[in-house]
Every structure is written in structure tokens, then in C-alpha cells.
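Secondary and tertiary structure notes
Below are the chains, spelled out letter by letter.
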Amino acid sequence: MVQVHVKSNPSKQWISAPTTVVTNLNPAQKPFVAAGVLAAIILFISIINAANMTQGVLFIIGIALGMTLLHARFGFTSAFRRFASVGNGQGLQAHMLMLAVASTLFAIILSTGFSFTGMEPKGYVSPVGVSVLVGSFMFGIGMQLGNGCASGTLYSVGGGQSSMILTLLAFIVGSTLGAYHFSFWMEETPALPPISLATSTGLGYGGALVLQLALFALIYWVTLQIAKKKNAPMMKALPTTTGWKKILRGSWPLFAAAIVLAVLNALTLTVRGTPWGITSGFALWGGKALMAMGIDVTSWGYFSSDANMAALKNTVLADSTSVMNIGIILGAFISVAVQGNFKPGKIKPGVAGAAIVGGLLMGYGARLAFGCNIGAYFGGIASFSLHGWVWAIMAMLGTGVALFIRPLFGLKNPKSTDSVC
């Protein structure tokens, strides 16, 4: 396999340096592909029978999300780490494009009430308080130790990274523990009310959109200046092919994936009435597991809401977040098999320890912070919620701290002397 090492030329980051390179690809793993497609069909039928067609559509959207994340190796964790360690802003620049497109679509949807299913669309706007500050900081540390955020954990599990199974299991445990302590953090710690840059400020969705687009442009520009100053190494280009085969077989350009993710998140908003989320499904899975073991969790504050109580009592296939999570794992599995790269490996002790600690921190932190990199950062900012911006800042600070912790588990950080990062 030919690898292209692109040495730093930060000025090219205005249009992003190439994140893919044409080369020979591994043969598709047809048995795995067939198994994945068959599983998707069976699950789709089961979801429709257990719930409704809307749930089936959300499952398909989940598959599309998993495919997109896998094909671009679209990272939130890696984007934060590259920027904090060596000043590479390519990942964050893709985030700004994604958020710009999503914010534009969300502004239209939320201001007009547009919906495909008749459900009134509502963004993720949550309070800003101690719980968000602590939770997002914990999540920032956790995602760097677990080597994946919420979306990264799911698509990496589907993509065959063995250590991410440990991260996912610990994520569920941490999220369940966070649900157990939820009442304390919500009732005993200070917080501001939910603040929307659109509806709480008088700006309206049009004014809030202009403000956010300006902020995205400013962040994009700042990342360029930092990259130039630090002469940051560029991201390693991923293998791809040419023509239509690129869609299924090759890696996707980072910016193309950013746009697709934004569109899919907006589509989720118009189908189920809320943006894409992940970690509430983990708390539900943990709650159901405890109920199966005879532990009553219905008295917990987190499960006291009508929606969470109903989800706890119904089949998991009736929970939209759960079916989307399953779809992400399956979509990533099908995609990696088509690429011929499904090769689970052994887990080193240090990596295993970091995965468990990281998963616990992310799970607990996500409950405190009203979401993860998807629900709070992506969905929160696209919904014009102040808590989304606070989440981003605190998670970046957590990432900075995690850079000193990662080597204790044998994990490496990017270095400025690397040819690629």
C-alpha cells in the first residue's frame, strides 16, 4: 500500500490538505458483508414490527451515520487531540463546516417547525451549570483515554477495534452510574436556566445563525494561525479509490463527511423531533440490565421522567436512540467489510486499562453534561444552545489534561516532529 506523507503547508488548510490518497485496496470480505446486510434486513423488519416505520427509518439513518463515520474515520477525539498536542486543526475545521451546515438546517427546521412525521422539532437546549462544567471536562479526559468518543466508540466497535468493546461496556456502566447520581447533580449543584442563542436573546434564529457562522469562521481562522505558528504536521491520508467505487470501497474526504453528517443530523431532527443523540441509550441499556438482575431503578431521578420511564418498560427496539446506535455499529461493520479491513486484534493491558477508565469517565460525564460529543457538542451547538459551546471548551481542557495521562497507559500523543499525525 502506498502512503503519501504530506509535510506541513498550513496555508493549504484553507481548503484542507488531502485526507485521502488513491491506492490499491484490500479485497472486500464478502461473507462479512453478506452477514451484515442480512442482519440489517432482519433488524429492520423486527424494529418495524416492535415499534413503527419511523423507528425503521431512524435505524436506516443510523446505518448511514455509521457508514459515514467509518469511511472518513471522522473523529472528535482525534480532532481535539491533534489540535491540543501539535496544533493540527484539520479535524476542528471539519467540525466547523459540519456545525455551519447543521446550524443552517436546524435554524430552518426549528423556526418553521418542519417535520416529516408530524412531531414538533425541538433542539437540545440544556442548562449551564456545575454539572456541565464537570461532566464535559470528565468526558474530555475520558475520550482521550478510551481512544474514542461516543460516536467513535460505536463505529470503532463495528469497525473491529477490539479495545473499543471494553470502552463501550465501561461507557454503559459509567452512564448508568451517572443516571443513579443524576438527581444530586441536577438538584444540589448551581446552574443557569437553559439558554438558547436564538430564543433567549432576542436574536431569533436568523440572528443566532449569523452569530454562530461568524464564530465558526473565527475558530477556523484561529486554527489556521496556530497551525502556521506551530508548523503542525498534517493528518495521514486514508486509502481510497476512484469513481463510484469510492462511495462504498474507499475512504471519504473529511469535509465531505462533515456535510453528510450535518444533513443526517438535520434529517434525524425532522423524523423524530430531536437531534441525533447516543448516550441516553447507554443509560437505558444499563438500567434494563439492572432491572433484569432484580434491581429496581424506577426510583432514580433520571428515570422518573415519562419518556425515560416508558423507555425503561418498553422493548429497546422502541427506543429511537438505541436503534440508531445499533444502526451505527452495523453500518460501520458493513463498510469496513466492504473495504476488506475487518481485522480484530489483541488488546494490550495498558490499552485495556485506559479503555475501561476512559469509558467510565465518558459515561458518567455525559449524564452530567446533558450529552456527549454528539448530543451536547454537535446537537447542542447546532440547536443554538449555550451549553454546547461550554461543553466544547471544557472538553478541550479535559483533552489537554489527558495528554499527560495517556503515556501512563502506554498511549502515544502526536509530536511536532512527526511527518503525519
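Within each chain, residues carry numbers counting from 1 in the order of the written sequence. The model is predicted, so local features are restricted to residues of pLDDT at least 70 and side-chain atom pairs to those at 80 or more, both for listing and for counting; the totals for chains, interfaces and linings are taken over all residues. Neither water nor hydrogens contribute to the side-chain values; these are computed over all heavy atoms in the structure.

1. Concerning the packing of aromatic side chains
Using the following cut-off: Ring pairs are drawn from Phe, Tyr and Trp, using the six-membered ring of Trp, whenever the two centres fall within 6.5 Å, and their geometry is named by plane angle: stacked under 30 degrees, edge-to-face over 60, tilted for the rest. In DSSP terms, a helix is any run of H or I states spanning at least four residues, a strand is any run of E spanning at least two, and both are numbered starting from the N terminus. Throughout this description, buried means an accessible area under 20% of the type-specific maximum (1.4 Å probe, protein chains only), exposed means over 50%, and partly exposed covers the range between.
In the structure shown here, the tally under the stated rule is 20 aromatic pairs. When the centroid spacing of 5.0 Å and the interplanar angle of 80 degrees are considered together, the rings of Phe 114 and Phe 116 count as edge-to-face. Seen from their ring centres, Phe 282 and Trp 285 are 5.5 Å apart, and the 55 degrees between their planes marks the pair as tilted. Placement of both Phe 282 and Trp 285 in helix α12 (residues 279–292) is noted, with a separation of three residues, approximately one turn of the helix. The exposure classification of Phe 282 matches that of Trp 285, with both residues buried. Chaining the aromatic ring pairs together yields one cluster made of Phe 74, Phe 76, Phe 80, Phe 139, Phe 171, Phe 282, Trp 285, Tyr 377 and Trp 391.

2. Considering the confidence of the model for the chain
Caution is warranted with low-pLDDT regions, since their predicted coordinates should not be read in detail. Condition: You can read pLDDT as the predictor saying how much it trusts each residue, on a scale of 0 to 100. Contacts are assigned to residue pairs with any non-hydrogen atoms lying within 4.5 Å of each other.
Residues at a pLDDT of 70 or more form 96% of the chain, whose mean pLDDT is 94. Here residues 1–10 is a poorly scored stretch, pLDDT under 50, and it has 25 contacts once near neighbours within four places are set aside; other chains count.

3. So, the layout of surface pockets
Applied cut-off: Think of a 1 Å grid over just the protein atoms. A cavity is a set of points where a 1.4 Å probe fits yet cannot get out, a pocket is an open set with protein on both sides within 12 Å along at least five of seven lines, and lining residues have an atom within 4 Å of a point. Grid points are joined across faces, edges and corners, and a volume is the space filled by probe spheres set on the points. All amino acids are sorted into three groups, where Ala, Val, Leu, Ile, Met, Phe, Trp, Tyr, Cys and Pro are nonpolar, Asp, Glu, Lys and Arg are charged, and the leftover types, Gly among them, are polar.
Considered as a void within the structure, the second largest pocket measures approximately 1100 Å³ in volume. Around the second largest pocket sit 34 residues that line it, and Tyr 124, Ser 280, Ala 307, Asn 308 and Thr 321 are the ones nearest its centre. Mapped onto the lining of the second largest pocket, the elements with two or more residues apiece are α2 (53–72), α12, α13 (306–313) and α14 (320–339). Element by element, the count of residues in the lining of the second largest pocket is highest for α13, at four residues. Residue composition of the lining of the second largest pocket, grouped by class: 14 nonpolar, 16 polar and four charged.

4. Side note on the nonpolar core
The criterion, for reference: Residue types Ala, Val, Leu, Ile, Met, Phe, Trp, Tyr and Cys, when buried and joined through side-chain atoms within 4.5 Å, form a set referred to as a nonpolar core.
In this structure, Phe 74, Met 98, Phe 139, Trp 276 and Tyr 377 are the most contacted members of the largest nonpolar core, which totals 99 residues. Element by element, the count of residues in this core is highest for helix α4 (residues 90–112), at eleven residues. Among the nonpolar cores identified, the runner-up in size contains five residues, and Ile 141, Ala 354, Ala 402 and Leu 411 belong to it.

5. Quick notes on helix α15 (residues 349–368)
Operational definition: Expected span of a helix, by definition, is 1.5 Å for each gap between consecutive residues, and there is one gap fewer than residues.
Taking 1.5 Å of rise per residue, the 20 residues of α15 would be expected to cover 28 Å, and the 29 Å separating its terminal C-alpha atoms lies within 8% of that figure. Among the residues making up α15, those that are buried are Ala 352, Ala 354, Ala 355, Gly 358, Gly 359, Met 362, Gly 363, Tyr 364, Gly 365, Ala 366, Arg 367 and Leu 368. Contact partners of the buried residues in α15: α5 (130–146), α6 (150–158), α7 (163–180), α8 (182–187) and α12. Positive phi shows up at Phe 370, right after α15, with a value of about 60 degrees.

6. Structural notes on the environment of Gln 55
Looking at the element boundaries, Gln 55 is found in helix α2. Along the chain, Gln 55 and Phe 32 lie 23 residues apart, while their C-alpha atoms are 25 Å from each other. Each residue touching Gln 55, except ones within four places of it in the same chain, is listed here: Ile 47, Leu 317, Ala 318, Asp 319, Ser 320 and Val 323.

7. Focus: the packing of α7 against α12
Using the following cut-off: Note on geometry: axes are C-alpha line fits, over the in-contact stretch for helices, and angles between N-to-C directions span 0 to 180 degrees. When an angle is under 35 degrees it counts as roughly parallel; over 145 it counts as roughly antiparallel; between 65 and 115 it counts as roughly perpendicular; any other value is oblique.
Here α7 crosses α12 at 80 degrees, and the two axes come no closer than 8 Å. The pairing of α7 with α12 is recorded here as roughly perpendicular in orientation. Contacts from Leu 168, Phe 171, Ile 172, Ser 175, Thr 176 and Ala 179 in α7 reach Thr 279, Phe 282, Ala 283, Trp 285, Gly 286, Gly 287 and Leu 290 in α12. Within the contact of α7 with α12, the residues separate by chemical class into eight nonpolar, five polar and no charged.

8. Comments concerning the environment of Leu 211
Mapping Leu 211 onto the fold places it in helix α9 (residues 204–230). For the pair Leu 211 and Met 67, spaced 144 residues apart in sequence, the C-alpha separation works out to 32 Å. Leave out the neighbours within four places in its chain, and Leu 211 touches Leu 197 and Leu 203.

9. A short note on unusual backbone geometry
The general pattern is negative phi for most residues beyond glycine and trans for most peptide bonds. Phi is positive for Asn 231, which is not a glycine, with a value near 50 degrees. Along the polypeptide, Asn 231 turns up in the loop between α9 and β4 (238–240). Of the residues examined, Asn 231 reaches a relative accessible area of 39% and is grouped as partly exposed. Here the phi dihedral of Phe 370 falls at roughly 60 degrees; this positive angle occurs in a residue that is not glycine. Following the sequence through the fold, Phe 370 ends up in the loop between α15 and α16 (373–382). You can call Phe 370 partly exposed: its relative accessible area is 24%.

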